[in-house]
Structures are given as C-alpha cells and as structure tokens.
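# Breakdown of the fold
Chain residues, written in single-letter form:
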Amino acid sequence: MYDFVRGPLLWVAFIVFIGGSILRLAYLAYLAKKKDYTVLTYANFRAGFRSILHWIVPFGATNMRLRPVFTIVSFLFHICLILTPIFLLAHNVVWYQSWRISWWTFPEWLSDVMTVIVILAGIYLLVRRMVCKEVRYVTSASDYVLLAIAVMPFLTGFLAYHQWLAYKAMLTLHILSGEIMLMAIPFTRLDHMLFFWLTRFYMGSEFGAVRHAKDW
Amino acid sequence: MSNLLPQKWDITDIGLEEGIKRLTPDKIRTSIKKVLESEGVARINAYVNTCIHCGLCAVACHVYLSNDCDPRFSPVGKVKNTLWEMIKHDGKVSPEFMKQAAEISYTECTLCKRCSMYCPFGIDMAYLISLVRRMCHLCGLVPQYLQDTANSHSVTMNQMWVKQDEWIDTLQWQEEEAQAEIPSLRIPLDKEGADVMYSVIGPEPKFLAQLINYAAIIFNVAGIDWTMPSFDGWDNSDMAMYSGDWEVMGRVKKAHFEAAMKLKVKKIVMGECGHAFRSVYDVGNRWLGWKMHPIPIVHAIQFYAELIRQGRLKIVRKIKEPVTFHDPCNIMRGRGLMDDARYVLQQICEDFREMYPTREHNYCCNAGGGVINCGPPWKKKRVESNKIKAEQMAATGAKIVVTPCHNCHSGIEDIIHYYKLPMKNVFLIELLVECIEIPEELKA
Ligand code: HEM
Ligand code: SF4
Ligand code: SF4
C-alpha cells in the first residue's frame, strides 16, 4: 500500500492536479470566448491587479476589517496551508532523493507550528460553519468534505511526524490525503485557488476601469 | 423536487398568479436551459463553482440586514434558493418553484452589486440574479406592474405609455413654467447640431414634470446649446433591462442612441436617474455590441459639477438646513460620481452630512433594480426590507436628503413615510436651482 501511494499514485495525483487545472482554466477561457466575450473585452490589467492586491493583503478590504478574527484565521489558514507543504524539510528530502532538486526549508519547529495552525484554523472554520446562521444556511455535506480534504493532510502529517500512532500507517494515510487534496483542487470548489484570480480580476476590471469605483 | 420557503408576506401579484398557470415542465426547462447552457454559461460556470459558501457576502445586503439577518435573504442564500436548485435538478423544477424564483429575483434583490464588494472572489450576485429574471421572463413569469412598463417600452419606446402629443404638450407647459423665471427661455425641440441632447425618463413628464423646467433653467443660465427630441427615443429609461426582456431593452436603447445621432448632437446629458444611466452605460450598450456608449453621455451630477467648476453656474445662496446624500448604486458603484456629487453639495450646502456607510459602500434604496416597478402589491415588503436605510438616514439628523435617482427617490420617499422620518426628500437639481444666480439680463 505504502509503495503504491508513494509511487504511482503520487504521479497520478500531480498529473491530475496540474493537467486538471490547465483543463479547467482552458475550458473556462473557451466558454468565455465563445459565449461571454464581454468578460474579455473589459479586462484591464491595472484595475484588475489593484483589486487582487487589495484582496490578498490582510485587512485590505472593508469586509476584512469588519471581521478581524475571521480575517486573521482565514489568512493564517491559507498561508500555512500553502507554504508548509512546499517548505517542509521532509518533503524536500523526498524531492531531493527522487529528483536531486531542493530548495529552502523551514526549521522543523516552524513547520510544526504552522501545521497546528492549519488544524486549529480548520476547527474554527468548522465551528463557524455550524454556528453562524448565514454560513450554515448555504452549507451542504460537500462543504464539510472539502474542509476535511484540506485539513486531513495536516492532521495525519502531524500525527506521523510525532509518531504518536502507528507511524507507517499514518504516513501512508498522510500521503494519500495529500494526494486526494491535490486531485480535488481542479474538480471541486477548491478550484477557487485557480478561479479566485480570474473572478477578482474581472470584477476589479469592471469596477476600476468601467465603473470608476473601488471594489474592496 | 425542492421544498418551498415559508411565506413572510401575503402578496398576490396577477402577473405571477396568471403566469404560473401557463407554465409547462417543458417551458420551464427550456427557459432555464437556455440561460444555464448558453447565455450565461461562462460566468455561471466560474461563479457557482468558485463560491465557497462562506457567507461573507451576507453583511452587504440591505434585504438581509433589514430582515433580522434571515439567511434566506443573503446574497448567496438567494442564489442558493434559485440557481443552485435549478442546476441541481437540471432545470426540472416545479411551477411553484419558478414563481418563488420570480419573487426572489424581482423583489428581494435590487441588483445593486454591493455584495460584489464584500465577496472575496468578487462574485457578481447581481448578474446571477438577473439571469434568474431572464429565465422568468422567458417563462412569462413577471410581476404585473413591471411587465406593464416593459410592454409600454415595447409599444411606445417609453416607460409610461406617453403619447407623442402628450410629450410635446408637457414640454411646452414646462417651458411656460420656466418662463416665469426667465421670460426668454425656450426648450428647443429637434434642434439639429445642438451641443447637447437632454434626455429624461418616462415618469418625468408623467409625474415630475417640474424637473424638466428646472433643467431648462440650468441650461439657459449656463448658456448651453441644447435640445430635446420630440420623437421616440427621448426616454432614456429601460425597465425591460430589469424584467429580463433584453430584446426590448436593446430596441429601446437603440432608439435613444439614434435620437441623438439624428439630431447630430455632440453629447447626451441625462437627468438624475440611476437605472437609466446603467442601461446606457453598462447594460444596453453591451447588448447592442458597443463596448461603451456610442456617443458621449454625461450624467446630470457630473454635468452640474462641470458647470460649477467652469463658472457657468454661479452659486449665490446656500441651503442652511442640514443636508445628507443618498449615493445611488448605479452612478456611484456604477460610475464613480461620488466626488462630483460631494463637490456640488459642498458648494450649495452649509451643513452637509455623510451617511454611514457612504460612497460606494452606501446601502441601497431597495427600490432600484426594478423592485419598485413591481408596484403596489410589493410595497410593504419593499419598505420593510430596508429598515437599515431608515436607521442610516435617521442617524445623520439631517432635515433634507438628496437622492439624485428616480428609483431611489421614490424608494426613499416611501421609507421616510413608513418610518416617519423628519426629512424632506429632494433631487439635487431642486436645491441647485434655488442656489444659482439668475443673471439680470435673462430676467428682463
Ligand atoms: C492562492 C490560493 C487561494 C486563495 C486566493 C484562496 C482564497 C480563499 C478565500 C477568499 C476563501 C473564503 C473564505 C476565507 O476567506 O477563508 C477561501 C476559503 C477556503 N479555502 Fe481557499 N484559497 C486558496 C487556496 C486554497 C487551497 C489550496 C485550499 C485547500 C486545498 C483551500 C481551502 C479552502 C477552504 C476549505 C475554504 C473554506 C473555508 C470555510 O469552510 O469557510 N484554499 N479560500
Ligand atoms: S440587493 Fe444588492 S447586496 Fe443584496 S443580493 Fe442583490 S445585489 Fe447583492
Ligand atoms: S461571499 Fe462570495 S464565496 Fe462567500 S458565499 Fe458569498 S458569494 Fe459565495
């Protein structure tokens, strides 16, 4: 099992993630060109990027300032979620063993802290989803599944690293959940990682260049 | 099939009651599919897949805020109860569901786009809701009063069934009214090659004709070479845009642009209206294939600001009472006239007070987007669904609220009455004509 997960499935996961992402983006570009040319007509780089900038900087938008706790949690969640796996020492060792490539790594204690942050932030998001009326109203099972997909690699990675439970099994589970997450990105609402840039860019273009108003 | 929501208001609308009787499963499905799979497919695809169901857009919506934060009125809640269900059931929804979708899309969302500024992804909920309206229109399920305005547009090219002789009569009458101030004043009709064509919305000659004489005074005092068309195309409004009848919208916009072309004017100046501006600046022009309006178009607020800046209007009096300002979405979020409006207000008011939140972030009037045009059956719901606006206005302590948009104006008027606010509601031009100098030579 471990060998399969560590070998062929890893390949599959990366191919599905990258190939799927390209396909999704290409299909959307095709649809826009064919059916909704407006969207392309009004693209404006200055206005589009200005809007993106406001929305990727913490507290850069009004709505972020209205709810500071959520903003901090959400940014910590995303920053740790994206950076930890890239700069984790153990991952880097694997990259080096397989491909002879390597880059910077975080010290292990930092990765550990960031992993815990993802898990805690995940719990916050879960509780918020169950408690806040306006979120619960639009929540379906899939939203919990997506949250689980995002948090599982961190939970299992944490347990494996500290070797509290059966190490080998936990490691296998960790790799598997990471692969599931990668493969889920292009084909679930986790694709917001890809589409965020496009939808925000478009709305930024409309507001900034046509409407002459801010959208943050 | 999906469950229906509990009724919060007991409302009957003949347009919907009769419309639902004519629905067949096939008609519903083809209407939905036309929009889902063709007209709106690209953005539906991106928006519905990207929305992470985070609920962050809720706080943006005055309908949600005014209904005790009931999540069914949040932007994403309204999309859930319409589009999501339609997608989930592949267009196989019941007539009752469609009626509910019509009610949600026509009367619970003003397409004000405030929520796009609060959603981290910039998802255009107003666009999605307008697609739901489009489906309802294709099904023949439109609130009666709104449909009537669309019918009027289609038949007469104006919103209020105004006949040509009535239109010309009204202009003559307003010319006479204005002559009380400026005896030599004329409202020049069909003057070819004038600099400016002035256009207004259909309800102006019908209910608010004095605004035309105020505009005539401004044009005369500022010494503008202007004209108004006596023929179809004088009305710049467009309710078909909101009913989802985009074909008629296109015809109406074309007539408007063509009137200006026929008169060979340099630009169109339009009166204080928001949705009409949206229709020429954002929606109608696009439907006709123009990236922007094919001829320069200036909104009244921008026009007044220019005239004052250029010294063509001299301000000699100031309003003493405290004044506040309602930012209409279609010219603020839609055109960024925040600063021009404030420039004019600072010039003519001694005590100008901002509402909070303000500028782009101002709460909607809950009348625009065709909501007020759904008529009397919906009035109570409309006004109760904007309690937040009443609170926002009351907090300023102002005695006068300036609402430079016709839909906002009527909506704010209703709010003032319903919530008994001690305020007077005016158009900007009403204050402006009081404050400008009318040169002696014109009075003679
Ligand atoms: C650079 C890429 C990304 C951007 C710009 C982005 C942006 C966002 C935004 C704006 C939200 C809305 C709510 C919030 O602010 O938390 C969100 C939610 C979320 N994101 Fe991301 N995201 C990205 C990548 C990812 C990735 C890679 C994952 C996991 C695989 C992920 C998982 C989630 C989850 C699970 C939620 C929902 C939280 C909830 O349940 O309320 N995101 N994201
Ligand atoms: S009324 Fe305005 S804020 Fe509310 S959902 Fe519609 S567009 Fe969004
Ligand atoms: S804020 Fe945006 S992503 Fe979140 S629920 Fe509303 S529309 Fe969806």
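Right, let's walk through the structure included here. Worth saying up front: this structure is predicted, and the values here are computed from it rather than measured.

Looking only at helices and strands, one finds 12 helices and zero strands in chain A. When the helices and strands of chain A are listed from N to C terminus, the series reads α-α-α-α-α-α-α-α-α-α-α-α. Taken over the C-alpha atoms alone, chain A extends approximately 60 × 40 × 35 Å along its principal axes. Expressed as a percentage of the 216 residues in chain A, the buried residues total 45%. Once local pairs closer than 6 in sequence are excluded, the contacts in chain A between residues at least 24 apart make up 65%. For chain A, the distance from the average position of its 19 positive side-chain charges to the average position of its 10 negative side-chain charges is 8 Å.

This paragraph deals with the sheet that holds strand E7 (residues 400-402) of chain B. All names here are of chain B. Overall, parallel pairing links the four strands, which are arranged E6-E5-E7-E8 in an open sheet. With one partner strand each, in any of the chains shown, strand E6 (349-353) and strand E8 (424-426) form the two edges of the open sheet. When the angles between neighbouring strand axes are averaged without regard to direction, this sheet yields 35°. Taken together, the three bridges between strand E5 (residues 319-325) and E7 define a ladder with parallel strand orientation. Its bridge partner lying in E7, Val 323 is registered against Ile 400. Helix H20 (residues 428-435) contacts E5, E7 and E8 of the sheet and is inclined by roughly 155° relative to E5.

What follows is about the environment of Phe 45 of chain A. All names here are of chain A. As for its position among the elements, Phe 45 is in helix H4 (residues 45-56). Classification of Phe 45 by relative accessible area gives exposed; the value is 58%. Along the chain, Phe 45 and Tyr 202 lie 157 residues apart, while their C-alpha atoms are 9.5 Å from each other.

Let us look at the sheet that holds strand E1 (residues 196-199) of chain B. Residue and element names in this part refer to chain B. Spatial strand order, E2-E1-E3-E4: four strands in an open sheet with parallel pairing. The open sheet terminates on both sides in strands that have one partner only, identified here as strand E2 (226-227) and strand E4 (297-299). Note that strand E3 (residues 267-270) and E4 share three bridges and pair parallel. For Val 269, the partnering residue across the bridge sits in E4 and is Val 298. The sheet strands contacting helix H13 (residues 246-262) are E1, E3 and E4, and the helix crosses E1 at an angle near 150°.

This next bit is on helix H9 (residues 164-179) of chain B. Residue and element names in this part refer to chain B. Counted at 1.5 Å a residue, the expected span for H9 with its 16 residues is 22 Å, and the 23 Å between its end C-alpha atoms agrees. When we look at burial in H9, the residues that qualify are Trp 167, Thr 170, Leu 171, Gln 174, Glu 175 and Ala 178. Take H9 and look down its axis: the buried residues cluster within an arc of 140°, on one side only. Exposed residues pointing more than 90 degrees away from the buried face of H9 are listed as Asp 165 and Glu 176. Residues of H9 that are buried in the fold lie against helix H10 (203-207) and helix H11 (210-222).

Residues and elements named next belong to chain A. On the surface, a nonpolar cluster with roughly 970 Å² of combined accessible area is contributed by Trp 11, Val 12, Ile 15, Ile 82, Ile 86, Trp 99, Ile 101, Trp 103 and Trp 104. Elements that contribute at least two residues to the nonpolar patch include exactly helix H2 (8-35) and helix H6 (68-87). It is H2 that provides the largest number of residues to the nonpolar patch, a total of three residues. Tracing the backbone shows Ile 82 in helix H6.

So, about unusual backbone geometry. For the bond running from Tyr 356 of chain B to Pro 357 of chain B, omega is -5°, close enough to zero to count as cis. As for its position among the elements, Pro 357 of chain B is in the loop between E6 and helix H17 (379-384). Even without being glycine, Gln 163 of chain A reaches a positive phi, approximately 50°. By secondary structure assignment, the location of Gln 163 of chain A is in the loop between helix H10 (141-162) and helix H11 (167-187).

What follows is about the site of ligand 1. Not every one of the 19 residues close to ligand 1 is listed here, only the nearest: Ser 74, His 78, Arg 129 and His 192 of chain A together with Pro 120 of chain B. At the site occupied by ligand 1, nearby residues are drawn from chains A and B. With respect to ligand 1, the side chain of Ser 74 of chain A contributes an N or O atom lying 2.7 Å from an oxygen atom. Elements with a contribution of two residues or more to the shell around ligand 1: H6, helix H8 (108-131), H10 and helix H12 (192-211) of chain A. With six residues, the single largest contributor to the shell around ligand 1 is H6 of chain A. Here the shell around ligand 1 is composed, by residue class, of 15 nonpolar, three polar and one charged.

With that out of the way, let us pick up the side chain of Asp 191 of chain A. Its place among the elements puts Asp 191 of chain A in the loop between H11 and H12. Take Asp 191 of chain A: its relative accessible area is 0%, and that puts it in the buried class. A distance of 2.9 Å separates polar atoms of two side chains, one belonging to Asp 191 of chain A and the other to Arg 24 of chain A. Ignoring any residue separated from it by four or fewer positions in sequence, one finds Asp 191 of chain A in contact with Arg 24, Ile 185 and Pro 186 of chain A together with Asn 49 and Thr 50 of chain B.

At the interface, 43 residues of chain A touch 55 residues of chain B. When the area that chain A buries against chain B is broken down by residue, the three leading residues are Tyr 137, Val 138 and Arg 211 of chain A, summing to 17%. At the boundary of chain A with chain B, the tally comes to three salt bridges. In this structure, the salt-bridge partner of Asp 36 of chain A is Arg 43 of chain B, at a minimum N-O distance of 2.7 Å. The interface formed by chain A and chain B contains 32 residue pairs in polar contact (both at pLDDT 80 or more). Those elements that place two or more of their residues in the side of chain A that touches chain B are H2, helix H3 (37-41), helix H5 (62-66), H8, helix H9 (133-136) and H12 of chain A. Sort the elements by how many residues they give to the side of chain A that touches chain B and H12 of chain A lands first, with 11 residues. Here the residues of the side of chain A that touches chain B sort into 20 nonpolar, seven polar and 16 charged.

Moving on to the coordination of the iron atom of ligand 1. Residues and elements named next belong to chain A. Only His 78 (NE2) and His 192 (NE2) from the protein reach the iron atom of ligand 1 as donors, at distances of 1.9 to 2.0 Å. His 78 gets classed as partly exposed once you look at its relative accessible area, which sits at 33%. Given a relative accessible area of 14%, His 192 falls into the buried group.

Turning our attention to the pattern of salt bridges. This model, assessed by the stated rule, comprises 37 salt bridges over all chains. The salt bridge involving Glu 175 of chain B is made with Arg 186 of chain B; its shortest N-O contact spans 3.2 Å. Of this pair, Glu 175 of chain B sits in helix H9 while Arg 186 of chain B sits in the loop between H9 and E1; the two residues are 11 residues apart in sequence, bridging distant segments of the chain. Overlapping salt bridges bring together Glu 206 and Arg 211 of chain A together with Asp 282 and Arg 286 of chain B as one network.

About the cut-offs
Residues numbered from 1 in each chain as written. Chains lettered and ligands numbered in written order. Predicted model: local features only at pLDDT ≥ 70, side-chain atom pairs only at ≥ 80, totals over all residues. Heavy atoms only, no water. Helix = DSSP H or I, 4+ residues; strand = E, 2+ residues; numbered from the N terminus. Buried < 20%, exposed > 50% of the residue type's maximum accessible area, 1.4 Å probe, protein only. Contact = heavy atoms within 4.5 Å. Lys, Arg positive; Asp, Glu negative; His and termini not counted. Charge placed at Lys NZ, Arg CZ, Asp CG, Glu CD. Pairing = 2+ DSSP bridges. Axes fitted to C-alpha atoms, helices over the stretch in contact; angles between N-to-C directions. Expected span 1.5 Å × (residues − 1). Arc of directions from axis to C-beta. Patch = residues over 30% accessible without salt bridge, like charges linked within 9 Å, V, L, I, M, F, W, Y side chains within 5 Å. Areas by Shrake-Rupley, 256 points an atom, 1.4 Å probe, with all protein chains shown as cover. Salt bridge = Lys/Arg side-chain N within 4 Å of Asp/Glu carboxyl O. Near = heavy atom within 4 Å. Polar contact = N/O pair within 3.5 Å; in protein donor to acceptor, adjacent residues only side chain to side chain. Nonpolar A, V, L, I, M, F, W, Y, C, P; charged D, E, K, R; others polar. Buried area = accessible area lost by both parts, 1.4 Å probe. Donors = N, O, S within 2.8 Å, 3.2 Å for Na, K, Ca; no water.

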